[in-house]
Structures are given as C-alpha cells and as structure tokens.
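Below are the chains, spelled out letter by letter.
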Amino acid sequence: MKIYLDGKYVDQADAKVSVFDHGLLYGDGVFEGIRLYGGNIFRLDEHLERLEYSAKAILLDMPLSRKELTEVTCETCRQNQLTDAYIRLVVTRGVGDLGLAPWLCAKPSIFVIASKIALYPQEHYDNGLAIVTVPTRRINPAALPATVKSLNYLNNILGKIEARQFGALEAIMLNDQGYVAECTADNVFIVHKGELITPAASQGALKGITRGTIFDIAKELNVPIREADMTRYDIWVADECFLTGSGAEVIPVVKLDGRVIGSGKPGPITAKVLAAFRRRVLVEGTRI
Ligand code: PXG
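Definitions and limits used
- Residues numbered from 1 in each chain as written.
- Predicted model: local features only at pLDDT ≥ 70, side-chain atom pairs only at ≥ 80, totals over all residues.
- Heavy atoms only, no water.
- Helix = DSSP H or I, 4+ residues; strand = E, 2+ residues; numbered from the N terminus.
- Rg over C-alpha atoms; globule rule 2.2 N^0.38 Å.
- Buried < 20%, exposed > 50% of the residue type's maximum accessible area, 1.4 Å probe, protein only.
- Contact = heavy atoms within 4.5 Å.
- Areas by Shrake-Rupley, 256 points an atom, 1.4 Å probe, with all protein chains shown as cover.
- Lys, Arg positive; Asp, Glu negative; His and termini not counted.
- Charge placed at Lys NZ, Arg CZ, Asp CG, Glu CD.
- Axes fitted to C-alpha atoms, helices over the stretch in contact; angles between N-to-C directions.
- Parallel < 35°, antiparallel > 145°, perpendicular 65-115°, else oblique.
- Left-handed = near helix turned anticlockwise from the far one by under 90°.

Peer 1: Kindly report on the overall build of the chain, identifying the contributing residues and their values.
Peer 2: Each helix and strand in the chain was counted, giving eight helices and 16 strands. By the compact-globule yardstick of 19 Å for 288 residues, the chain fits well, its C-alpha radius of gyration being 19 Å. In terms of overall dimensions, the chain has C-alpha extents of about 55 × 40 × 30 Å along its principal axes. Taking all 288 residues of the chain together, the buried fraction comes to 51%. A fraction of 70% describes how many contacts in the chain between residues 6 or more apart in sequence connect residues 24 or more apart. When the accessible surface of the chain is summed, it comes to about 13,600 Å², and 56% of that surface belongs to carbon and sulfur atoms. With 33 positive and 34 negative side-chain charges, the chain shows a separation of 3 Å between the mean positions of the two kinds.

In structure tokens:
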C-alpha cells in the first residue's frame with residue numbers, strides 16, 4: 001500500500017511520523033474520512049472545505065491548497081489501484097518539543113491513506129441496529145466545537161467503549177443539557193409523522209457530509225426535513241430512526257435503550273433514503 005506523506009508516496013512500512021508529533025502527543029490536528037465509490041470520490045470538495053474549516057478553527061495552517069489536496073487524494077487512490085475505498089486525510093501540528101506550544105512545531109504534517117473499509121455487516125442494514133444511550137456526554141461546544149473534526153476523539157471513543165459494554169455497535173450521545181447530539185461516529189435522524197428530523201450542529205453534532213446529503217435527498221423525495229432539539233423520548237416514540245456517516249452510509253435503528261422504534265423493522269422512508277443515497281454515490285463525485 002502506498003501512502004501520501006508530506007510530499008511523497010511511500011510504502012506503508014515507511015509511512016512513519018515522529019513520537020514528537022503533536023498529533024500524537026496532544027491530539028493536535030484534524031482529519032477527514034471520505035469514501036471512493038466506483039472511481040468517484042464522494043463530495044470531496046465538501047470534505048476538503050470541512051478539513052480547512054477544522055484547521056482554521058484550531059489555528060493550523062494547511063500545508064496544501066485545495067487544488068493540491070484534491071490532487072494528492074486522487075493520486076493516493078490511483079497509486080493503490082482502488083475504485084472503492086475509505087480515504088483518511090490527516091493534518092497534524094507536526095514535530096515539536098514536549099511542551100504544548102504549537103508555535104514551536106516547525107511545520108504541519110499531512111498524510112493520506114486510501115484503504116478498504118470494514119462496513120457494518122449487511123444483516124444490520126436488513127434488520128436494523130439496536131443501540132443505547134451512553135453515560136459519556138458530548139463535549140460542550142464552548143470547550144471544543146463538535147463541528148471541528150479534530151484528532152481529539154477520546155470523547156467518542158469512551159462512548160464507543162460504553163456502547164460495546166452494553167452490547168451495542170453504536171450509541172446515542174447526549175450533550176451536557178441532556179439533548180441528543182449525535183452518535184459516536186454517525187449523525188442521527190428520526191422520522192416522525194412523515195417528517196425527517198435531526199439535531200442541529202449547535203447541539204453538539206458534527207456537520208456530517210452524509211447528513212448534508214440527506215437534506216438534498218429529502219428535497220428530491222419531497223419529504224419535509226428540519227433541524228430540531230431532540231430528546232431520547234423523541235427517538236423512543238419515532239416512527240423510524242437511522243444513522244448517517246461516511247462509514248455507515250445510512251443505517252436503520254430499530255431499538256434504543258430497550259424500546260422498540262416504530263414497527264421494530266427498518267421503515268419505508270429509511271429504505272427510500274438509503275436507496276437514493278446509494279444511487280447518488282455512484283453518480284456524484286470527483287473522478288480520480
Ligand atoms: N459524527 C461524528 C462524531 C463523526 O466522526 C459523523 C458524525 C458523520 O459525518 P460524515 O461527514 O462522515 O457524514 C462522523 C464521521 C468509521 C468512520 O470508521 C466514521 C466516520 C466517518 C468515516 C468512517 O467508523 N465518522
């Protein structure tokens with residue numbers, strides 16, 4: 001496997017960063033998770049914009065322009081002869097000393113990995129996920145905005161560990177006020193009385209690229225959609241629920257905290273949205 005690392009395409013064995021890199025020492029950096037479908041990178045420009053915004057939010061200078069980022073992302077896919085893949089773009093603060101001071105880091109480091117992705121098993125798309133609400137809350141946006149896709153994922157990781165302790169593959173995370181924010185690596189939607197509803201980013205959700213695509217799909221399907229405050233109750237009594245993410249795509253949820261959602265089976269609107277999403281990923285995107 002070839003990996004793009006700071007200007008070169010190197011073998012996996014040579015793709016190494018320093019133990020003094022602040023991405024490792026402090027989680028000081030930003031990243032993106034992107035999908036390649038049939039030779040097209042899905043919504044690459046939106047991912048790169050989010051990466052640039054994340055970098056700006058943490059006062060990290062992007063080492064490459066948008067055009068250069070596009071080129072190295074596409075070239076990493078080409079070098080590995082991939083047509084379907086998961087792409088991880090990471091920008092770290094770079095090598096510094098043992099103090100926090102990011103201004104002592106000489107230059108940011110950037111790498112791009114394009115590889116196969118382990119998806120949820122098909123049975124969960126067919127039958128839906130049973131998920132739980134975990135005790136770990138989303139970090140208050142005043143401390144670290146959830147809209148910044150930073151290398152600080154410990155909050156989500158704790159949520160993921162707790163989900164597993166409860167026997168679930170994903171989990172609802174609440175914000176510090178008790179409203180639903182999102183899942184550990186996915187955004188959440190409910191269907192209630194024919195309407196699609198998702199928490200606003202201001203409630204502690206990442207502005208997911210897949211989430212954004214659902215707004216376009218809702219328009220295409222003529223399904224009303226809006227952002228609203230959401231409690232666990234709203235999910236318990238919803239007609240349908242699904243999660244969205246570059247990894248998961250659109251995955252139905254049929255149980256939360258032991259309560260059956262709707263009919264207990266993936267619902268008709270979820271099925272329509274998933275079908276529309278799978279159509280879009282094949283035609284939209286940047287040809288590598
Ligand atoms: N919330 C969080 C906290 C995320 O990390 C999403 C929502 C969905 O955003 P996108 O832009 O992907 O629609 C994410 C993204 C994985 C994996 O390996 C996770 C993500 C993306 C790609 C792969 O589980 N999370």
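Peer 1: For the packing of helix α2 (residues 44-57) against helix α3 (residues 66-79), give the residues involved together with the corresponding values.
Peer 2: Viewed as axis vectors pointing N to C, α2 and α3 meet at an angle of 125 degrees, and their least axial separation amounts to 11 Å. Relative to α3, the element α2 lies oblique. When the axes of α2 and α3 are compared, the crossing they make is right-handed. Every residue of α3 that contacts α2 at Leu44, Asp45, Leu48, Glu49 and Glu52 is listed here: Arg66, Leu69, Thr70 and Thr73.

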